[in-house]
Every structure is written in structure tokens, then in C-alpha cells.
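Structural features, examined
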Amino acid sequence: DKGHSITSVLADEFGVAFVLSFVASYMLVTMGIFNVILAVYVDITMKAAKENEAVTAEQYARESIRIARTTRELLKKFAAAHREFLLMDKETIDIGQISRKEFNPMPALFTDDD
């Protein structure tokens, strides 16, 4: 009638029992809302982490393939240089005091066709 809030009217009418139950229910509803908000936040964060993990795994796989190809190309260049070294026309090679007769290298394991 006089514009008082319903909680103060009910508190005057039912006493401490109403106040305690009102505070408890208010706290439970507030904690429930915060729990839902936090659950949404955690869910979004977990989805982002999974997507990030998938992207990272894909980048790792691509980087591994790139390194393997680069290593293969480097080995091809080493093999070609080794073959050129073996096919040199000179009888002696001035690398310190090593002569071609003393230097007995193994044949190349890689070819340009590899």
C-alpha cells in the first residue's frame, strides 16, 4: 500500500526465517548464474585450445615435410659435389698432403635421381 518493498514486508511478517531463506536463495541463484557464465567461458576456451592444437599439429607436420625435402636437396648437392670430386682429372689433389692414391673414398650413396 505505502510503496514498501515486498522483501521488507515479508521480513516483518515472517521474521528471521524469511530473511535467512531469502538470503540463501538469492546467493544460490547468484552463484548459479555465475556458474553458467563461467561454464560458457571455459567451453569457449577449450574449443579454442582444441582448434589451436589442431592448427599447431598441422603446422608441425608441414614443417617436418619441408625440413625433409630441404635435407634431401642438401644431400643431393653433397652427393653431386662428391661425384665431381671423384671425377676430377688431376692425379693429385692438394688438400693438405693427401694424394688421390692415398685418398680412397667410398662411392656416392645418393644420385640426382633420388
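Here we summarise the structure given alongside this text.

Procedures and definitions
Residues numbered from 1 in each chain as written. Predicted model: local features only at pLDDT ≥ 70, side-chain atom pairs only at ≥ 80, totals over all residues. Heavy atoms only, no water. Phe/Tyr/Trp six-rings, centres within 6.5 Å; stacked < 30°, edge-to-face > 60°. Helix = DSSP H or I, 4+ residues; strand = E, 2+ residues; numbered from the N terminus. Buried < 20%, exposed > 50% of the residue type's maximum accessible area, 1.4 Å probe, protein only. Patch = residues over 30% accessible without salt bridge, like charges linked within 9 Å, V, L, I, M, F, W, Y side chains within 5 Å. Areas by Shrake-Rupley, 256 points an atom, 1.4 Å probe, with all protein chains shown as cover. Salt bridge = Lys/Arg side-chain N within 4 Å of Asp/Glu carboxyl O. Axes fitted to C-alpha atoms, helices over the stretch in contact; angles between N-to-C directions. Parallel < 35°, antiparallel > 145°, perpendicular 65-115°, else oblique. Contact = heavy atoms within 4.5 Å. Nonpolar A, V, L, I, M, F, W, Y, C, P; charged D, E, K, R; others polar.

Our next topic: the packing of aromatic side chains. For the structure shown, the criterion picks out two aromatic pairs. Seen in terms of ring centroids, Phe18 and Phe22 are 5.8 Å apart; in terms of plane orientation they differ by 25°. Their pairing is stacked. Note that Phe18 and Phe22 are positioned in helix 2 (residues 16-86) at a spacing of four residues, about one turn of the helix. With relative accessibility at 17%, the residue Phe18 sits in the buried group. The partly exposed category is assigned to Phe22, whose relative accessible area is 34%. Every member of this aromatic cluster is reached through a ring pair, and the members are Phe18, Phe22 and Tyr26.

Turning next to a nonpolar patch on the surface. Taken together, the side chains of Val19, Phe22, Val23, Tyr26, Met27 and Met31 define a hydrophobic patch exposed on the protein surface, amounting to about 570 Å² of accessible area. Checked against the element boundaries, Tyr26 lands in helix 2.

The next point concerns the pattern of salt bridges. Taken as a whole and assessed by the stated rule, the structure comprises four salt bridges. Between Lys47 and Asp43 there is a salt bridge, and its shortest N-O distance comes to 3.7 Å. One end of the pair, Lys47, and the other, Asp43, are both in helix 2, four residues apart, so they sit about a helical turn from each other. Two residues, Lys76 and Glu73, come together in a salt bridge whose shortest N-O distance is 3.6 Å. Separated by three residues within a single helix, Lys76 and Glu73 lie in helix 2, roughly one turn from each other.

Orientation of helix 1 (residues 6-14) relative to helix 2, taken along the N-to-C sense of each, is 135°, at an axis distance of 6 Å. In this view, helix 1 runs oblique relative to helix 2, as classed from their interaxial angle. Across the interface between the two elements, Thr7, Leu10, Ala11 and Phe14 from helix 1 touch Val16, Ala17, Phe18, Val19 and Phe22 from helix 2. Of the residues belonging to the contact of helix 1 with helix 2, the class tally is eight nonpolar, one polar and no charged.

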